[in-house]
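Structural features, examined
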Amino acid sequence: MRDIRFGALPLPRPRPRHARGRARALVAAAGVVGALTAGGCGGAEHAVTAPPIDTTAKSTPTPFSFKLSPCSITGTLQLAVAQSARADCTNGGTTVTLAGNGASYLVVAEFASDAVPDDWYSYRLVTGSTASASLVPGQSRASASRLPSSMARPPVPGLLPPMRNQAAQLAFTRALRARARTNLATGVWRAGSRALRSVTPSRSGASAVPDVGSLRQFVVLGNEAGTKWDTTSAKLAYAGSDVLIYIDTLAPANGFSPAQLQSFGQLFDQTLFPIDTAAFGSPSDIDANGRTIILMTPSVNKLVTASQCQTQGYVGGFFDEEDLSGGAADPRSNHGEIFYSIVPDSTGQLSCAHTVAGVEFDVPATFMHELQHLISFSQHVVIHGGQPETGSLDEGLSIVAEELGSLHYEQQCPPPACRTNPGQLFPDSSQGFVSSFLYDSYQYALLPDTASITLQSDADGGFSWRGGAWLLMRYLGDQMGTGVYKKMDQSTLTGVANIAAATGQDFPTVFANFGIALFADSMPGQPRSAAPAADRFTTRNLRQLWNRLYVTSGGASDIPYANPLLVYGITSDTSLAIMDPGTTSFFRIDTPSGASTVSLQFAGAGGAPLAAALHPQLAIFRLPPGQ
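Described in the following lines is the structure provided in the data block. (Residues numbered from 1 in each chain as written. Predicted model: local features only at pLDDT ≥ 70, side-chain atom pairs only at ≥ 80, totals over all residues. Heavy atoms only, no water.)

What follows is about the pairing of strand β9 (residues 292–296). Most of β9 sits inside the fold, with five of its five residues counted as buried. Both faces of β9 are covered, namely the face carrying Thr292, Ile294 and Met296 and the face carrying Ile293 and Leu295. Bridge count for strand β8 (residues 243–248) against β9 is five bridges, and the pairing is parallel. Pairing of valine 243 across the sheet is with threonine 292, part of β9. For the handedness criterion, the β-α-β arrangement of β8, helix α2 (residues 258–280) and β9 is classed as left-handed. Bridge count for β9 against strand β11 (residues 338–341) is four bridges, and the pairing is parallel. Looking at β11, one finds that leucine 295 is bridged to tyrosine 340. (Buried < 20%, exposed > 50% of the residue type's maximum accessible area, 1.4 Å probe, protein only. Helix = DSSP H or I, 4+ residues; strand = E, 2+ residues; numbered from the N terminus. Pairing = 2+ DSSP bridges. Right-handed = clockwise from strand over helix to strand, strands pointing away.)

Right under this line is the structure:
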């Protein structure tokens, strides 16, 4: 049985200015991870004593005292168990005072900004006395690769799928998104430059659809540099109410049988396309055919060579913005809404081999991902005349689109139905849709203070930030309903301004609640309702997902812990830590029973206020007993 697909992808960009950073988590990303089968917890809950240190700073880690300079919360913060609050330090304040008497708190340090350069910024989060706060002892979390052989976790027998390396896919689509932004910024393409109409999923009033079997010429981008195009002829093989499928006349023989093609077309037309458009809205319709075209062409297969497939994987499909914004006279634009896909090639004539079953497994999730990009671009740029959504949010929404495919089948097949192994979290039918949100979110939880949600984009390599972008979009959908996605796509706003407008909340408030939810969702030994609704997810149980990935990974070096989210202790050590804008770092403080209050300082070097442009803030959650 094939379950989920993971592969070797680029790590986040190197950070030469900081020698140590968060090196414990920058493990090699070559993970082949297992099927999502039942299994117990592996590895202990953890607590770590120190955050990543800024080794360029010259501060000395010695005890110190500080003067109270309150952030937005003045006086003593009194929280009941499982209540939360946000301390906004953009006012130049640096301290917050918490009620003591044995209370324990999660303290999430955040830079809730997208208005500063993408770099690491120094901060310290300290308490004035080593006696006033201590860390609950926790087991040290050694890498699974370093555990004694008696503790190593074997792979789940017979359930490890082939490795799915997505480096080529990400590099190609990354180049497409960057090319579109450059051409729009320089005026080569123009936003809203056509007479357009927005259409509903019913596609009413569309022009006549060509006959099945008719031929049409297409121009297909042939490399990621945007310097090569193929002109090809394709035959209309399937005509549905929302989707037209053309197959290149040069496609290898022994591809889809008529019955397979009909089933394939119905899947896209009657299931996948309606799921995406219900969540994100309709694309533009510049060719007035009332449908989105899927062009299956060898040109996509040939984007990588057979040898490149071995090291970089392949491109399964893509959306090209030039088809929508290139202009009526652009000879390289097909002037319509098109998704380009690989064709079956079981003997590997074109590049790596792709069986019909492999195409049926891989392409649907790629289609849903790229269709969201198409909808976002056509709504933001073509219909509303604005700019493309920021790369991070656009990518997060596209991963949500993949996840919606999985949710469709999960709802059809509650456990243990439709599963080769009854213990699987996901039914067989959803396996092709789960890899991005599962693996990438785990990688984000390893690096929440490095992988920026607000500043990294599809112009960057790596997958940790993609996991963070999906988690934020999933959190918004759980809080606001899936209608929030449509609001974000059908807008001229982008980035955090778009989130604020779609949710009706300022972004720092959203980000604070999101940060708490990453920890407070599914706390061990507590009902999910133990955390307020604003501080938890509903669709996904994060700890369950991450633990299942850990249990079935067979000791993969990039899946080292049952729960990847590190929690640091707050002490009087004044060493400066480092964090990116748009990131979070998790701390815990346990107040002594003999102290009525404990004060914390969130500041820069020497206790100076942090720059307001970083939007420094602390999200504070009082932990239930036993956490």
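Secondary-structure assignment places serine 452 in the loop between α8 (435–446) and α9 (464–480). Owing to a relative accessible area of 0%, serine 452 belongs among the buried residues under this scheme. In this view, serine 452 contacts Ser392, Trp465, Asp580, Pro581, Gly582 and Thr583; residues no more than four positions away in its chain are not counted. (Contact = heavy atoms within 4.5 Å.)

On to the sheet that holds strand β2 (residues 84–88). Overall, mixed pairing links the five strands, which are arranged β2-β16-β4-β14-β12 in an open sheet. The sheet terminates laterally at β2 and β12 (568–569), the two strands that pair on one side only. When strand β4 (residues 104–111) meets strand β14 (residues 583–590), the two strands line up antiparallel, connected through eight bridges. Paired with serine 104 across the two strands is aspartate 590, which belongs to β14.

For β8, the tally of buried residues reaches six of six residues, placing the bulk of the element in the interior. Here β8 shows no split at all, with Val243, Ile245 and Ile247 on one side and Leu244, Tyr246 and Asp248 on the other all buried. When strand β7 (residues 229–239) meets β8, the two strands line up antiparallel, connected through five bridges. Residue leucine 236 lies in a different strand from β8, and its bridge partner there is tyrosine 246. Between the antiparallel neighbours β7 and β8 lie three residues.

This part covers the packing of aromatic side chains. Inspection of the entire model under this criterion finds 20 aromatic pairs. Aromatic side chains phenylalanine 264 and phenylalanine 268 sit 4.6 Å apart centroid to centroid with 55 degrees between the ring planes, which places their arrangement in the tilted category. Taken together, the residues phenylalanine 264 and phenylalanine 268, both in helix α2 and four residues apart, mark about one turn of the helix. The class of phenylalanine 264 is buried, set by a relative accessible area of 3%. Between phenylalanine 268 and phenylalanine 367, the aromatic rings sit 4.9 Å apart at their centres with planes inclined by 70 degrees, giving edge-to-face as the arrangement. Here phenylalanine 367 lies in helix α6 (residues 356–383) and phenylalanine 268 lies in helix α2, a separation of 99 residues in the sequence. (Phe/Tyr/Trp six-rings, centres within 6.5 Å; stacked < 30°, edge-to-face > 60°.)

On to the side chain of serine 430, then. Mapped onto the fold, serine 430 is located in the loop between α7 (391–412) and α8. Look at serine 430 and you get buried, because its relative accessible area is 0%. Residues within four places of serine 430 in sequence aside, it is in contact with Ser406, Tyr409 and Glu410.

This next bit is on the pattern of salt bridges. A side chain with one charge can pair with a side chain of the opposite charge if their charged atoms come near. In this structure the tally under the stated criterion is 14 salt bridges. Note that arginine 177 and glutamate 321 form a salt bridge whose closest N and O atoms lie 2.6 Å from each other. Linking arginine 177 in helix α1 (residues 167–185) with glutamate 321 in the loop between β10 (317–318) and α5 (322–325), this pair joins segments that are 144 residues apart in sequence. As far as the burial class goes, arginine 177 and glutamate 321 line up, both buried. Put simply, arginine 474 and aspartate 478 hold a salt bridge, and the shortest N to O gap is 3.0 Å. With a gap of four residues between them, arginine 474 and aspartate 478 both fall in helix α9, about one helical turn apart. The pair formed by arginine 474 and aspartate 478 is uniform in burial state, with each residue classed as buried. One network of salt bridges, with partners in common, ties together Glu403, Glu410, Arg474, Asp478 and Arg540. (Salt bridge = Lys/Arg side-chain N within 4 Å of Asp/Glu carboxyl O.)

Taking 1.5 Å per residue, twelve residues should reach 16 Å; α8 reaches 17 Å between its end C-alpha atoms and fits that length. Taking burial as the measure, the twelve residues of α8 include twelve buried ones, the bulk of the element. Buried residues of α8: Ser435, Ser436, Phe437, Leu438, Tyr439, Asp440, Ser441, Tyr442, Gln443, Tyr444, Ala445 and Leu446, and no others. The inward-facing, buried residues of α8 contact α7, α9, α12 (507–520), α13 (542–552) and β14. (Expected span 1.5 Å × (residues − 1).)

It is worth spelling out the environment of valine 363 at this point. One can find valine 363 in helix α6. Separated by 21 residues in the primary sequence, valine 363 and isoleucine 342 place their C-alpha atoms 8.0 Å from one another. Those residues in contact with valine 363 that lie beyond four places of it in its chain are Phe264, Phe268, Gly316, Phe339, Ser341 and Ile342.

Note that all results are geometric; they support no functional claim without further evidence.
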